[in-house]
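# Working through the structure, step by step
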Amino acid sequence: MQEVRVITPATVANVVCGFDCLGFALTEPFDEMTLRRTDDPGIRIINRDEFGLPTKPEENVTGVVAAAALKRAGTDFGLEIEITKHIMPGSGIGSSSASAAGAAVAVNRLLGDKFSKLELVDLAMEGEKLASGSRHADNVAPCIFGGFTLVRSTEPLDVVTLEFPPLWATIIHPQIEIKTAEARAILPKDVPLNTAVKQWGNVGSLVAGLAKGDYGLIARSLEDLIVEPVRKSLIPKFDEVKEASLSAGALGGGISGSGPSIFMLSEGAATAEKVKIEMRSVYSRTDIEFNMYVSELASSGARSL
Ligand code: HSE
């Protein structure tokens, strides 16, 4: 194969109670990427969007992951990578993960599917390390596997794909910048035991609620006692958005990844649209620009077309 085109979905990491463990894939927005083998050695990056991301391979998530995949495969053919991002960098819905996962999946296709999905997640984590300084997998795992995933461990990597009922996500992306590395730096290093007990109770019951399709249990489990109380101060109107969304019928939600996006889960598309109206109403009363998305959870992850 000489050329491959892949699309890679946006993802929501943490999913309220599952910091660095839980994540799910969205149907939209998604990024597009085309990789071509070239006769010249080295990696050349062409950005076909307005985001102005670096084109030096060693400074670009896509370039770093592609180089790591070629190295691990013991080959070093030249590559041209043409990227059209639709997921805005810094949005909190897995923009760097989509770049990283897309590069891993695309190079793997050019290599004749040499790597397993788990190995692709491991490769994509190199991109996360460049973007945020940390090899977390809660975005890249759902980006590659699709659906809802739980990262049980990163060393060694162990990803569990979860059963889940039909769910819709409503997302508001306020146009403010929150750097993942900074949003991680403010988190507590220690957690009191009684807080930890409540948190792992919620993670376990969220996974059970998803498997049983028990929307009431999902709603009760969407509670974060550790990360949200600290990070929500970085996001204007967070509590108001949450309150308005719950009144509109959302099951629950919170900060998407490290923010600034806020996501809410709903049982159906109609409720997700009502939640969108409520979220918009809150942010329309600020002078902050924002984007919104309503998307069903995607069962498939990054894939070649
Ligand atoms: N789990 C990560 C965090 C996701 O919350 O810092 C950000 O990419």
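Described in the following lines is the structure provided in the data block.

Rules and cut-offs
Residues numbered from 1 in each chain as written. Predicted model: local features only at pLDDT ≥ 70, side-chain atom pairs only at ≥ 80, totals over all residues. Heavy atoms only, no water. Helix = DSSP H or I, 4+ residues; strand = E, 2+ residues; numbered from the N terminus. Rg over C-alpha atoms; globule rule 2.2 N^0.38 Å. Buried < 20%, exposed > 50% of the residue type's maximum accessible area, 1.4 Å probe, protein only. Areas by Shrake-Rupley, 256 points an atom, 1.4 Å probe, with all protein chains shown as cover. Lys, Arg positive; Asp, Glu negative; His and termini not counted. Charge placed at Lys NZ, Arg CZ, Asp CG, Glu CD. Pairing = 2+ DSSP bridges. Axes fitted to C-alpha atoms, helices over the stretch in contact; angles between N-to-C directions. Contact = heavy atoms within 4.5 Å. Expected span 1.5 Å × (residues − 1). Polar contact = N/O pair within 3.5 Å; in protein donor to acceptor, adjacent residues only side chain to side chain. Core = buried A, V, L, I, M, F, W, Y, C linked by side-chain atoms within 4.5 Å. Domains from an automatic or database assignment. Near = heavy atom within 4 Å. Nonpolar A, V, L, I, M, F, W, Y, C, P; charged D, E, K, R; others polar.

## Thoughts on the overall build of the protein
In terms of regular secondary structure, the protein is built from 10 helices and 11 strands. The C-alpha radius of gyration computed for the protein amounts to 19 Å, which stays within 12% of the reference 19 Å derived for 305 residues, consistent with globular compactness. C-alpha extents for the protein along the principal axes are approximately 60 × 40 × 35 Å. In the protein, which comprises 305 residues, the share counted as buried stands at 55%. Of the roughly 12800 Å² of accessible surface on the protein, a fraction of 50% belongs to carbon and sulfur atoms. Mean positive and mean negative side-chain charge positions of the protein (30 and 39 charges, respectively) differ by 2 Å.

## With respect to the sheet that holds strand β9 (residues 262–266)
Read across the sheet, four strands follow the order β8-β9-β7-β10 without closing on themselves; strand pairing throughout is antiparallel. Bordering the open sheet on either side are β8 (252–255) and β10 (290–296), each of which pairs with just one other strand. With strand direction ignored, the average angle separating the axes of adjacent strands in the sheet is 15°. In terms of strand pairing, strand β7 (residues 168–174) meets β10 through seven bridges, oriented antiparallel. Within β10, the residue paired with W168 across the bridge is E296. In the packing of helix α10 (residues 269–284) onto the sheet, contacts are made with β7, β9 and β10, and the angle to β7 comes to roughly 15°.

## Things to note about helix α1 (residues 61–72)
With 12 residues, α1 ought to run about 16 Å at 1.5 Å a step, and its terminal C-alpha atoms sit 16 Å apart, in line with that. Residues of α1 that are buried include every one of V61, T62, G63, V65, A66, A68, A69 and L70, and no others. Its side-chain oxygen at 2.7 Å from the backbone nitrogen of T62, N60 defines the N-terminal cap of α1. Positive phi shows up at G74, right after α1, with a value of about 75°.

## Regarding the nonpolar core
Within soluble globular proteins, side chains that are nonpolar generally end up buried alongside one another. Among the nonpolar cores identified, the biggest contains 70 residues, and F24, L35, L79, I81 and V121 are the most heavily contacted of them. Here this core gets nine residues from one element, more than from any other, and that element is helix α2 (residues 95–110). Two domains share this core, each providing at least three of its residues, namely domain 1 (3–162 + 300–304) and domain 2 (168–295). With 18 residues, the next largest nonpolar core counts I172, F238, A244 and I288 among its residues.

## Concerning the site of the ligand
In the neighbourhood of the ligand, the contacting residues comprise N14, F19, D20, H136, D138, N139, T180, R184, R231, G257 and S258. Between the ligand and N14 there is a distance of 2.8 Å, counted from an oxygen atom to a side-chain nitrogen or oxygen. Between the ligand and the protein, one listed contact pairs a nitrogen atom with a side-chain N or O atom of D20 at 2.5 Å. Coverage of the ligand by the protein chains reaches 94% of its 260 Å² of free accessible surface. Tallied by class, residues from the shell around the ligand come to one nonpolar, six polar and four charged. No fewer than three residues from each of domain 1 (3–162 + 300–304) and domain 2 (168–295) sit in the shell around the ligand.

All quantities given are derived from atomic positions and should not be read as evidence of function.
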